[in-house]
Amino acid sequence: MCDKCSENPHQSLAPSRRSMMLLAASALGAAAFGGAASAKEAKAPPKPQNVLSPDAALKRLMEGNSRYVSGVSRRHDFTHEREALVGGQNPYAAVLSCADSRIAPEYAFDSGRGDLFVCRVAGNFAGDETVASMEYTVAVLGTPLILVLGHDNCGAVDATIKSLKDDKPLPGHIPSLVSAIAPAVKTAAGQGGNALDNAIRQNVIDNVAKLKSAAPILNAAVEQGKLKVVGGIYRLSTGTVELLAQG
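Residues numbered from 1 in each chain as written. Predicted model: local features only at pLDDT ≥ 70, side-chain atom pairs only at ≥ 80, totals over all residues. Heavy atoms only, no water.

Caption draft 1: Broad picture of the packing of aromatic side chains. Here the structure, examined in full by the defined rule, presents 1 aromatic pair. Judged by centre distance (6.2 Å) and plane angle (40 degrees), the ring pair of Phe 117 and Tyr 136 falls under tilted. Taken together, the residues span a long stretch of sequence, with Phe 117 in strand S2 (residues 116-120) and Tyr 136 in helix H7 (residues 128-139) at a distance of 19 residues. Taking NZ or CZ as reference, Arg 60 lies 4.1 Å from the ring centre of Tyr 92, over its face. (Phe/Tyr/Trp six-rings, centres within 6.5 Å; stacked < 30°, edge-to-face > 60°. Helix = DSSP H or I, 4+ residues; strand = E, 2+ residues; numbered from the N terminus. Lys NZ or Arg CZ within 6 Å of the ring centre and 35° of its normal.)

Written out as structure tokens, the structure is:
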């Protein structure tokens, strides 16, 4: 407090209140943002090696699959990874996979904790909740790659083909899966070759297109070159992931 203010106690009241308000605001700011030092620390990704371009992320993903197929998966220090990821995550790739128990993306791409952001649903289709989840990982976590991963002999796609062919609704909530997969099955019906294989492939292609065009977040990230969305088929017999040609 200055000398003039101390001479007049009535004049000191207002500045004191302003000072208290400023101190309170500073305290709230520090609590909310953790102070300047903590804010800088929060910006540092827990796994710096996961900060990749879309192309580099795809390359790393497929290298992991090659190791898995060859049976030379790396030893992962899960204890250290758990500790590093307590305060956040920055996965380098997101995977939309079928819920089939035989497909485990974390194994198939020889990945550690915090490397993959995985959404799984029977038939690997992008419903509203999945699109929202992918928006989160791209916009908030900075994930540069999304892979839609189908697999051969997919039971959800096969059930959809049979349900449509027999015009017989399935029990429980399963018709919701049929409705989501049906457009791909109908498109593939006009293609030559194996009907199930064609529908599985078409379902991946359709959901890649859906995620690429999902406005306003994912399509903007794709247009800006910050995100790549690709499709692949997992082969049950070998564990190999075959990427589909990108359109």
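After presenting the structure, the write-up continues.
Caption draft 2: The packing of helix H8 (residues 155-166) against helix H10 (residues 195-212), seen in detail. Between H8 and H10, the least distance of the axes is 10 Å, while the angle of their chain directions is 115 degrees. What the angle tells us is that H8 and H10 run roughly perpendicular. At the point where H8 passes H10, the crossing takes the right-handed sense. Of the residues in H10, those in contact with Val 157, Asp 158 and Ile 161 of H8 are Ala 195, Leu 196, Ala 199, Ile 200 and Asn 203. Taken together, the residues of the contact of H8 with H10 break down into 6 nonpolar, 1 polar and 1 charged. (Axes fitted to C-alpha atoms, helices over the stretch in contact; angles between N-to-C directions. Parallel < 35°, antiparallel > 145°, perpendicular 65-115°, else oblique. Left-handed = near helix turned anticlockwise from the far one by under 90°. Contact = heavy atoms within 4.5 Å. Nonpolar A, V, L, I, M, F, W, Y, C, P; charged D, E, K, R; others polar.)

Caption draft 3: Structural detail: helix H4 (residues 54-70). With 17 residues, H4 extends 25 Å between its outermost C-alpha atoms, agreeing within 8% with the 24 Å of an ideal straight helix rising 1.5 Å per residue. Regarding H4, the residues found buried are Pro 54, Ala 57, Leu 58, Leu 61, Met 62, Gly 64, Asn 65 and Arg 67. Buried residues in H4 make contact with strand S1 (93-97), helix H6 (105-108), S2, strand S3 (145-151), strand S4 (228-234) and strand S5 (241-243). (Expected span 1.5 Å × (residues − 1). Buried < 20%, exposed > 50% of the residue type's maximum accessible area, 1.4 Å probe, protein only.)

Caption draft 4: Highlighting the pairing of S3. Most of S3 sits inside the fold, with 7 of its 7 residues counted as buried. Relative to S3, S1 runs parallel, the two being bridged by 4 bridges. Residue pairing across strands places Val 95 opposite Leu 147, the latter belonging to S3. Where S3 meets S4, 7 bridges bridge the pair, whose relative direction is parallel. Counted as the bridge partner of Leu 145 is Lys 228 from S4. (Pairing = 2+ DSSP bridges.)

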